[in-house]
Amino acid sequence: MPPRSKLGEIPRQEMPTRSAEERRKDFKEVPTGYTEEQALKEALRCLDCKVPHCMEGCPAKVKIPQFIGLVAEGKFLDAAKKIKETNALPAACGRVCPQETQCEERCVVGKKFEPVAIGKLEMFVADYERKHSEHEDLKVEKNGKRVCVIGAGPAGLACAGDLIKLGYDVTVLEALHTIGGVLMYGIPEFRLPKELVAHEVENLKRDGVKFKINEVAGISLDFGELRKEYDAVFLGTGAGLPVFLNVPGEHLCGVYSANEYLTRVNLMGAYKFPEVDTPVIRHKKVAVLGGGNVAMDACRTAVRLGAEKVYIVYRRTEKELPARLEEIHHAMEEGVEFRFLRAPLEIIGDENDNVVAIRTQVMELGEPDEDGRRKPIAVEGKIEDIEVDAVIIAIGTTPNPLIARKVPELKITKKGTYVIDEETGETSMDGVFAGGDAARGAATVILAIGDGKRAAYGIDKYLSEK
Ligand SMILES: Cc1cc2nc3c(=O)[nH]c(=O)nc-3n(C[C@H](O)[C@H](O)[C@H](O)COP(=O)(O)OP(=O)(O)OC[C@H]3O[C@@H](n4cnc5c(N)ncnc54)[C@H](O)[C@@H]3O)c2cc1C
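Residues numbered from 1 in each chain as written. Predicted model: local features only at pLDDT ≥ 70, side-chain atom pairs only at ≥ 80, totals over all residues. Heavy atoms only, no water.

Asker: Would you mind going over helix α10 (residues 194–206) with me for this structure?
Answerer: Here α10 spans 18 Å end to end across 13 residues, near enough to the 18 Å set by a 1.5 Å rise per residue. Against the buried residues of α10 lie α5 (76–84), α6 (90–96), α7 (118–132), α8 (154–165), α9 (182–185) and β3 (210–212). Positioned one or two residues after α10, glycine 208 has a phi angle of 110°, which is positive. (Helix = DSSP H or I, 4+ residues; strand = E, 2+ residues; numbered from the N terminus. Expected span 1.5 Å × (residues − 1). Contact = heavy atoms within 4.5 Å.)

Structure follows, in structure tokens:
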């Protein structure tokens, strides 16, 4: 093992990235990935702490110092295996996890210098493995028990991946025609290339996980029947229902939920229209309402579809933006204009019901509210119109209500999330478990993965004790 560098001796390795000028015009990935030399150098920055606080920040419990140690030795394939012991989706996590508030936030090096680039190293290792090795077949004895996973997003995939390793017969049902949940229909190609998700899904298939697409549990398949057919069920149905504003003009042509806009472009590939048959209108001036990752993805998508002006309209200031720092930075570089302290009042249309402007209330920040965030307050009489021909609403989503509405035994909170046991993920219904956005509301990929893993443990405990 090469000696680790002294604290601060090597600077954090910058991720090579395509220029804003070039990437504005296409949907190809923005970062181009570490070189082997960079990965080796970055790995030496890890101090291999006796108590690795970074791991406390990872809901998938990736063995961070161990995999980074293997990178430092140049054993990239072994490093990939180490990550995969606990996380089946490293190519996705390395790219989209908010490391700055999770593993990297707790990195000891980060107390004085830039933290070790754990996410970038994870991305490097996953990409290296995909290019240089074949998936090893899983050797495990079957235990004869059957589990149904509903929803093929990160929560469902993580749960399925762990259960198959424990010997269960696992079937995943997915409503859409593609597997991956938000990783496929929400997060754009320029942040997470779809072939990477497909590759990780392919590995799960090779491990023996069965997938049934175009199956909406609760509609095309009766939930009660499913429960009887399987020994246990996991609900990883996400939070895919868009929240609207309830302001006048929301019915106008040119108003989209971010879900619709991103699904058209990502899942259906509408940016290639007419090569594919799903259209998307290429608007000239677009306002995106909201400040989270979804809003950043929508505004950067609008840029790539050729809009001349793209605005983010956000009630608070830059400091409060909930999106990942990297994505905000990329959006700014790509020319997105941020209109902070503006709250939408009305969407204005012309005589043909096409959007022509969005009317906003100018705000200022008041005292911190119960979450500690300063509350936006209207500045009386200060109204501003922004001329646009499209408005994309990205102010949040809530859980898919379909199954909960039909199955009264399944308790939900006021927010529509499943009530679950903190330790096992079990719902109020015997043998039914839940996790990911369906149980916590719109959150993150890694939390969904962590929940899927917890439920796999809960299901195993439940079925072993039965
Ligand atoms: C545009 C966008 C950008 C994001 N960016 C980031 C990011 O950068 N970093 C990050 O960590 N997180 C990000 N997130 C959040 C993250 O993607 C989610 O937290 C995560 O995908 C939740 O995983 P899940 O498995 O719970 O649900 P989902 O990924 O939503 O998957 C649920 C799946 O269940 C299926 N389903 C629903 N109901 C049924 C049914 N009745 N029968 C069968 N199937 C059903 C759905 O079709 C879907 O495929 C983003 C989200 C969006 C929308």
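Asker: Sorry, what's going on with the site of the ligand here?
Answerer: Around the ligand sit 36 residues in total, of which Val96, Ala155, Glu174, Arg191 and Asp437 are the nearest. Between the ligand and the protein, one listed contact pairs an oxygen atom with a backbone N or O atom of glycine 236 at 3.5 Å. Contacts to the ligand include valine 445, whose backbone N or O atom sits 2.9 Å from an oxygen atom. When the ligand sits alone it has 1000 Å² of accessible area, and the protein chains cover 94% of it. Elements that contribute at least two residues to the shell around the ligand include exactly α8, α13 (293–304), α15 (402–406) and α17 (445–465). By residue number, the principal contributor to the shell around the ligand is α13, which donates three residues. In terms of residue class, the shell around the ligand is built from 20 nonpolar, 11 polar and five charged. (Near = heavy atom within 4 Å. Polar contact = N/O pair within 3.5 Å; in protein donor to acceptor, adjacent residues only side chain to side chain. Areas by Shrake-Rupley, 256 points an atom, 1.4 Å probe, with all protein chains shown as cover. Nonpolar A, V, L, I, M, F, W, Y, C, P; charged D, E, K, R; others polar.)

Asker: I would appreciate a short explanation of the packing of aromatic side chains in the present structure.
Answerer: In this description, a pair of aromatic rings is defined by centroid distance and the angle of the planes. In total, this model carries eight aromatic pairs according to the counting rule given. A ring pair is formed by phenylalanine 27 and phenylalanine 190, whose centres lie 6.1 Å apart and whose planes are at 50°; its orientation type is tilted. Placement of phenylalanine 27 in the loop between α1 (20–23) and α2 (36–44) and of phenylalanine 190 in the loop between α9 and α10 is noted, with a sequence separation of 163 residues between them. With relative accessibility at 1%, the residue phenylalanine 190 sits in the buried group. (Phe/Tyr/Trp six-rings, centres within 6.5 Å; stacked < 30°, edge-to-face > 60°. Buried < 20%, exposed > 50% of the residue type's maximum accessible area, 1.4 Å probe, protein only.)

Asker: How should I be thinking about the pairing of strand β1 (residues 146–150) in this particular structure?
Answerer: Every other side chain in a regular strand lies on the same face of the sheet, so the side chains alternate between the two faces. Counting buried positions along β1 gives four out of five residues, so the element sits mostly inside the fold. The pairing of β1 with strand β2 (residues 169–173) spans five bridges and is classified as parallel. Residue pairing for β2: arginine 146 is matched across the bridge by aspartate 169. In the classification by handedness, the crossover that spans β1, the intervening α8 and the parallel β2 is right-handed. Pairing analysis gives four bridges linking β1 to strand β4 (residues 232–235), with the strands arranged parallel. Looking at the pairing, cysteine 148 lines up with valine 233 of β4. (Pairing = 2+ DSSP bridges. Right-handed = clockwise from strand over helix to strand, strands pointing away.)

Asker: For this particular structure, what's the right way to read unusual backbone geometry?
Answerer: Residues phenylalanine 273 and proline 274 are joined by a peptide bond in cis, for which omega reads 5°. Position of proline 274 relative to the elements: it lies in the loop between α12 (258–267) and β7 (285–289). Positive phi is not limited to glycine here, since lysine 61 has a value of about 55°. Backbone geometry places asparagine 214, a non-glycine residue, at a positive phi of 55°. Looking at where asparagine 214 falls in the secondary structure, it is placed in the loop between β3 and α11 (223–229).

Asker: Explain the packing of α13 against helix α14 (residues 325–333) to me, please; I cannot follow it from the model alone.
Answerer: Any two packed helices are characterised by the angle at which their axes cross and by the distance between the axes. Orientation of α13 relative to α14, taken along the N-to-C sense of each, is 25°, at an axis distance of 10 Å. Considering their axes alone, α13 and α14 lie roughly parallel with respect to each other. Between α13 and α14 lies a crossing of left-handed hand. For the pair α13 and α14, the contacting residues are Asn293, Met296, Cys299 and Arg300 in the first and Glu327, Ile328, His330 and Ala331 in the second. Of the residues in the contact of α13 with α14, the class split is four nonpolar, two polar and two charged. (Axes fitted to C-alpha atoms, helices over the stretch in contact; angles between N-to-C directions. Parallel < 35°, antiparallel > 145°, perpendicular 65-115°, else oblique. Left-handed = near helix turned anticlockwise from the far one by under 90°.)

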